[in-house]
Amino acid sequence: MPPDLRDLSPTSARLCLLVEKFLRAQRLVGGLLAAVSGGADSLALALVLGVLAPRLKTPVFAVTVDHGLLPDSKAVAAAAARQCVRLGLDCVCRKVDVSAFAAEKRLGIEEAGRELRYAALEEERKARGAAFIALGHHKADLAEDALMRFTRGAGWPALAGMPARDERRRLLRPFLLIQPQALKSLLLECRIAWFEDPANRDLRFKRNRMRHTVLPLLCEENPSFDSGVARLWRLAQTDRDYWDSVLTETFKRARRLDGGLLLPAALLRGLHAAVRLRLYHRSFSLLADVAKTPGQPKTDALLALDAAFAQKRGNTRFQLSGGLEAKVGRQGILFYRT
């Protein structure tokens, strides 16, 4: 069974209480599914959730995904499941074939593994009737993610990194502002061993290159680089809340058509370009979700789309991505699936 909160050191107890505060703020209705790989971060997540489950009065389950990429991947997944059971969490193992999926879809191993893993987690969440999936991403992961987004040319506020609560994908990240060393210290205190995945040091993967080459250089220039990213992330959450409220209200004037969505010219003319660009992005996202289309619209395409509208260049079409297009016309801008 997991330790009682009173049995932990003051530092570890504060960590657990910080996670409890975050989870209570989410107003959880239904259970919580923890994604556990056997690594330090996810085992710390299982431990903390095991400690907090009686206090939160919500069922907590666990799932481990066997990617089949290591010779002993089955044994690693089974060991992770046993650890979860010892911590008081019912755990199941789901097997996916990343290599076959990557070959079939012509994807890189990293991208294929991520896609299959999240699909397996979502299937298990629905099977358990859980409200959210809890992930073990921490402060260093946030810094890496912000760098990854920067290299992809992400816009604000998404540039600041992954959200702590992803409503669309039903994900929660309770550790996002916690240092990874604090998680390992908690495991050492509770005498819980974790698995070090050798793939995490493979520099063929972009995220590993960010982690082991780019991020250390930035931390040499500023040892508090990850804390700076965390401050930027907090500001981004404030901005995201603001833009969500503005766009939700403004979007009520959009017109839904069969297979498309029209932003009326009368609406767009009275708006600042910053609002228009975010409306374009939201229109794309809504259609992409309906069509289950992956990808993001390219910023250059959205800027060109706005320039065409501002210059009143009617009957101009723009290809966004994933089979979605936009057309500038007299009535406004029509977003549609090809």
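Keep in mind it's a predicted model, so treat the numbers as computed, not measured.

### Structural notes on the environment of K184
Then, number 1: By the secondary structure assignment, K184 is in helix α7 (residues 180–189).
Then, number 2: Residue classification places K184 among the partly exposed residues on the basis of a relative accessible area of 27%.
Then, number 3: Not counting the four nearest positions on each side in its chain, K184 is found in contact with A40, W194 and E196.

### Some thoughts on the pairing of strand β9 (residues 316–319)
Then, number 1: With burial as the criterion, only one face of β9 is covered, namely that bearing T316 and F318; the residues R317 and Q319 on the opposite face remain uncovered.
Then, number 2: Looking at chain direction, β9 and strand β10 (residues 324–329) are connected through 4 bridges and run antiparallel. Its bridge partner being in β10, R317 is matched across the sheet by K327.
Then, number 3: In this antiparallel pair of consecutive strands, β9 and β10, the connection spans 4 residues, and G322 shows a positive phi of 60 degrees.

### Quick look at the pairing of strand β4 (residues 130–134)
Then, number 1: The element β4 is largely enclosed, with a buried count of 5 among its 5 residues.
Then, number 2: The pairing of strand β1 (residues 31–35) with β4 spans 4 bridges and is parallel. Paired with L33 across the two strands is I133, which belongs to β4.
Then, number 3: In the sheet, β4 pairs with strand β6 (residues 171–172) via 2 bridges, with the strands oriented parallel. Opposite I133, over in β6, you have L171 as the bridge partner.

### A word on the sheet that holds strand β7 (residues 255–257)
Then, number 1: The strand order β7-β8-β11-β10-β9 describes an open sheet built from 5 strands, whose pairing is antiparallel. Each edge of the open sheet carries a strand with a single partner, namely β7 and β9. Across the sheet, the mean angle separating the axes of adjacent strands is 20 degrees when strand polarity is ignored.
Then, number 2: Across the face of the sheet, helix α12 (residues 299–310) comes into contact with β9, β10 and β11 (332–337) while running at roughly 170 degrees to β9.

Basis of the calculations
- Residues numbered from 1 in each chain as written.
- Predicted model: local features only at pLDDT ≥ 70, side-chain atom pairs only at ≥ 80, totals over all residues.
- Heavy atoms only, no water.
- Helix = DSSP H or I, 4+ residues; strand = E, 2+ residues; numbered from the N terminus.
- Buried < 20%, exposed > 50% of the residue type's maximum accessible area, 1.4 Å probe, protein only.
- Contact = heavy atoms within 4.5 Å.
- Pairing = 2+ DSSP bridges.
- Axes fitted to C-alpha atoms, helices over the stretch in contact; angles between N-to-C directions.

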